[in-house]
Amino acid sequence: MRPAPRAPSGLFPAGPPSRPTYREPHPVTGVGVAVGGGAATVWLLLFGLLGRSVSEYAWWTVAAGGLAWLAALLLVRAGDRGVATGIAIVTAGGWSIAAAVVAVRWASSGDWPLW
């Protein structure tokens, strides 16, 4: 007499999974974030160097950051999300630096530098 076969526990699957496995076509990687951050740094630096005063520097940085964020939105939708993440992080940092420069200038001179 043979013992009755036991039902498998599922701990060690015997075949392919019963559901499909979905994978992201463009996974976020550290290299992608670094490439996006480096590109955004160069972009903001080049635009920031166009300004000859604090006011011009701030407005050029705002404009360059806006364009960079548009590129990041396009990359999130149809490209590499890691690169978009790097662009967004560095752009936020660039805007913070520009805001700090404007605040220091405003505090030291008492005159709002952006108008």
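Note: the structure precedes this text.
Keep in mind it's a predicted model, so treat the numbers as computed, not measured. (Residues numbered from 1 in each chain as written. Predicted model: local features only at pLDDT ≥ 70, side-chain atom pairs only at ≥ 80, totals over all residues. Heavy atoms only, no water.)

### Let's talk about the nonpolar core
Line of reasoning, step 1. Judged by nonpolar contacts, A40, A68, A72, V83, A84 and I87 together constitute the single largest core of 6 residues.
Line of reasoning, step 2. Looking at this core, the elements with two or more residues in it are α2 (54-78) and α3 (81-109).
Line of reasoning, step 3. Counting residues per element, this core draws most heavily on α3, at 3 residues.
Line of reasoning, step 4. If we skip the residues at most four places from it in the chain, A84 touches A72, L75 and V76. (Core = buried A, V, L, I, M, F, W, Y, C linked by side-chain atoms within 4.5 Å. Buried < 20%, exposed > 50% of the residue type's maximum accessible area, 1.4 Å probe, protein only. Helix = DSSP H or I, 4+ residues; strand = E, 2+ residues; numbered from the N terminus. Contact = heavy atoms within 4.5 Å.)

### Digging into a nonpolar patch on the surface
Line of reasoning, step 1. Together, W43, L67, L70 and L73 give the surface a local cluster of nonpolar side chains, amounting to about 410 Å² of exposed area.
Line of reasoning, step 2. A per-element tally of the nonpolar patch places α2 first, with 3 residues.
Line of reasoning, step 3. Examined against the element boundaries, W43 turns out to sit in helix α1 (residues 30-48).
Line of reasoning, step 4. On the accessibility criterion, W43 (34% relative accessible area) is partly exposed. (Patch = residues over 30% accessible without salt bridge, like charges linked within 9 Å, V, L, I, M, F, W, Y side chains within 5 Å. Areas by Shrake-Rupley, 256 points an atom, 1.4 Å probe, with all protein chains shown as cover. Salt bridge = Lys/Arg side-chain N within 4 Å of Asp/Glu carboxyl O.)

### A look at α3
Line of reasoning, step 1. Counted at 1.5 Å a residue, the expected span for α3 with its 29 residues is 42 Å, and the 42 Å between its end C-alpha atoms agrees.
Line of reasoning, step 2. Turning to α3, its buried residues are G82, V83, A84, G86, I87, T91, G94, A98 and V102.
Line of reasoning, step 3. Contact partners of the buried residues in α3: α1 and α2.
Line of reasoning, step 4. Between the side-chain oxygen at the start of α3 and the backbone nitrogen of G82 there is a gap of 3.0 Å, and the oxygen is on D80.
Line of reasoning, step 5. Just beyond α3, the residue with positive phi is G110, at close to 80°. (Expected span 1.5 Å × (residues − 1). Polar contact = N/O pair within 3.5 Å; in protein donor to acceptor, adjacent residues only side chain to side chain.)

### A closer look at the packing of α1 against α2
Line of reasoning, step 1. Running from N to C, α1 and α2 point in directions that differ by 150°, and their axes come no closer than 8 Å. You can see that α1 and α2 cross each other, and the crossing is right-handed. Where α1 approaches α2, its residues W43, L44, F47 and G48 are matched on the opposing element by Y57, W60, T61, A64, G65, L67 and A68.
Line of reasoning, step 2. For the contact of α1 with α2, the per-class residue count stands at 8 nonpolar, 3 polar and no charged. (Axes fitted to C-alpha atoms, helices over the stretch in contact; angles between N-to-C directions. Left-handed = near helix turned anticlockwise from the far one by under 90°. Nonpolar A, V, L, I, M, F, W, Y, C, P; charged D, E, K, R; others polar.)

### Re the packing of α2 against α3
Line of reasoning, step 1. For the pair α2 and α3, the least separation of the axes is 9 Å and the interaxial angle reads 165°. Here α2 is positioned roughly antiparallel relative to α3, judged by the angle of their axes. The way α2 lies across α3 gives a crossing that is left-handed.
Line of reasoning, step 2. In terms of residue class, the contact of α2 with α3 is made up of 19 nonpolar, 5 polar and 2 charged. (Parallel < 35°, antiparallel > 145°, perpendicular 65-115°, else oblique.)

### With respect to the environment of G30
Line of reasoning, step 1. Mapped onto the secondary structure, G30 falls in helix α1.
Line of reasoning, step 2. By relative accessible area, which is 57% here, G30 ends up exposed.
Line of reasoning, step 3. Between the C-alpha atom of G30 and that of W59, which follows or precedes it by 29 residues, the distance is 31 Å.

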